[in-house]
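Here are the chains, one letter per residue:
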Amino acid sequence: MAQTALQGNPVTLSGELPAVGSVAPDFQLVDKDLADRSLADFAGKKKLLNIVPSLDTPVCATSTKKFNAAMAAKPEAVALVVSADLPFAMGRFCGAEGIENVIGLSMMRSRHFAKDYGVLIEDSPLAGITARAVVVLDADNRVVYTQLVPEITEEPDYEAALAAL
């Protein structure tokens, strides 16, 4: 099982990120309209999965805004921000911040995504939500890049993720 940290304290996760070169696990997440979404909904596009604990935190908000700005120049790709936030809260955040190039997806109906991607926090005050990670998939859903951010309170490596996309 992978580990990250929260303010320097070790945090145990449910597993490991999908291996580079492997086919990404499919998922069922919920969009702003309460519709179930899966990888098939984004078929033929490269995908950047910005996995965050909650958009209601400064670092998660910042990463979503930075990826939103970068995605304006990448019409062949889609960016998904995945969190435990309710779709209503994600929609409010995206509307208030002018987020148009990132699709918010919620784990409100299931934690299978977090378990399948190895990012479910199993201990610490954040148990039950996700660690901070980025997973980049090609158009065939093969994993081409992963980063488990070593400290949940830090931002991901934007340049590396976008270069992989």
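Given the structure is predicted, the values throughout are model-derived calculations rather than measurements. (Residues numbered from 1 in each chain as written. Predicted model: local features only at pLDDT ≥ 70, side-chain atom pairs only at ≥ 80, totals over all residues. Heavy atoms only, no water.)

## Considering the layout of surface pockets
For step 1, the next point in the chain: A volume near 200 Å³ is recorded for the largest pocket.
For step 2, the next point in the chain: Listing elements by their share of the lining of the largest pocket, those giving two or more residues are helix 2 (87-97) and strand 7 (102-106).
For step 3, the next point in the chain: Classifying every residue of the lining of the largest pocket gives seven nonpolar, two polar and four charged. (1 Å grid on protein atoms, 1.4 Å probe; cavity = no way out; pocket = protein on both sides within 12 Å on 5 of 7 lines; lining within 4 Å. Points joined across faces, edges and corners; volume = space filled by probe spheres on them. Helix = DSSP H or I, 4+ residues; strand = E, 2+ residues; numbered from the N terminus. Nonpolar A, V, L, I, M, F, W, Y, C, P; charged D, E, K, R; others polar.)

## Examining the UniProt feature "active site" (unreviewed entry) in the chain
For step 1, the next point in the chain: UniProt tags C60 as "active site" (unreviewed entry).
For step 2, the next point in the chain: Structurally, C60 is set in helix 1 (residues 58-71).
For step 3, the next point in the chain: Leaving out residues up to four positions away in the same chain, C60 has contacts with V52, P53, S54, L55 and R132. (UniProt positions renumbered as here; feature names shortened; annotations may be inferred. Contact = heavy atoms within 4.5 Å.)

## Focus on unusual backbone geometry
For step 1, the next point in the chain: Phi angles above zero are rare outside glycine, and Q7 is one such case at about 50°.
For step 2, the next point in the chain: Relative to the assigned elements, Q7 resides in the loop between strand 1 (3-6) and strand 2 (9-12).
For step 3, the next point in the chain: Even without glycine at this site, L34 takes up a positive phi of about 70°.

## Some remarks on a nonpolar patch on the surface
For step 1, the next point in the chain: Taken together, the side chains of L34, L86, F88 and M108 define a hydrophobic patch exposed on the protein surface, amounting to about 350 Å² of accessible area.
For step 2, the next point in the chain: Relative to the helices and strands, F88 is located in helix 2. (Patch = residues over 30% accessible without salt bridge, like charges linked within 9 Å, V, L, I, M, F, W, Y side chains within 5 Å. Areas by Shrake-Rupley, 256 points an atom, 1.4 Å probe, with all protein chains shown as cover. Salt bridge = Lys/Arg side-chain N within 4 Å of Asp/Glu carboxyl O.)

## Points about the side chain of Q147
For step 1, the next point in the chain: With respect to the helices and strands, the residue Q147 is situated in strand 9 (residues 143-148).
For step 2, the next point in the chain: By relative accessible area, which is 16% here, Q147 ends up buried.
For step 3, the next point in the chain: Polar side-chain contacts of Q147 include one of 2.8 Å to the backbone nitrogen of D157.
For step 4, the next point in the chain: When sequence neighbours within four positions are dropped, the list of residues in contact with Q147 reads L17, R132, A133, V134, P156 and D157. (Buried < 20%, exposed > 50% of the residue type's maximum accessible area, 1.4 Å probe, protein only. Polar contact = N/O pair within 3.5 Å; in protein donor to acceptor, adjacent residues only side chain to side chain.)

## Some words on the pattern of salt bridges
For step 1, the next point in the chain: With the rule as written, the count across this model stands at six salt bridges.
For step 2, the next point in the chain: In this structure, the salt-bridge partner of D31 is R37, at a minimum N-O distance of 3.1 Å.
For step 3, the next point in the chain: Taking relative accessible area as the criterion, D31 reaches 8% and is therefore assigned buried.
For step 4, the next point in the chain: Here E97 and K65 are joined by a salt bridge, their closest N and O atoms 3.4 Å apart. Of this pair, E97 sits in helix 2 while K65 sits in helix 1; the two residues are 32 residues apart in sequence, bridging distant segments of the chain.
For step 5, the next point in the chain: On the basis of relative accessibility, which here comes to 37%, the residue E97 falls in the partly exposed class.

## Things to note about the nonpolar core
For step 1, the next point in the chain: Ranked by internal contacts, the top residues of the largest apolar core, which has 31 residues, are F27, L49, F113, Y117 and V135.
For step 2, the next point in the chain: Taken together, the elements giving at least two residues each to this core come down to strand 5 (46-51), strand 6 (77-83), helix 3 (112-116) and strand 8 (133-137).
For step 3, the next point in the chain: In this structure Y117 touches E16, L17, P18, A24, P25, F27, L39, L49 and V135, once residues within four positions along its chain are discounted.
For step 4, the next point in the chain: Grouped together as the second largest cluster of nonpolar side chains are 22 residues, F67, V81, M90 and V136 included. (Core = buried A, V, L, I, M, F, W, Y, C linked by side-chain atoms within 4.5 Å.)

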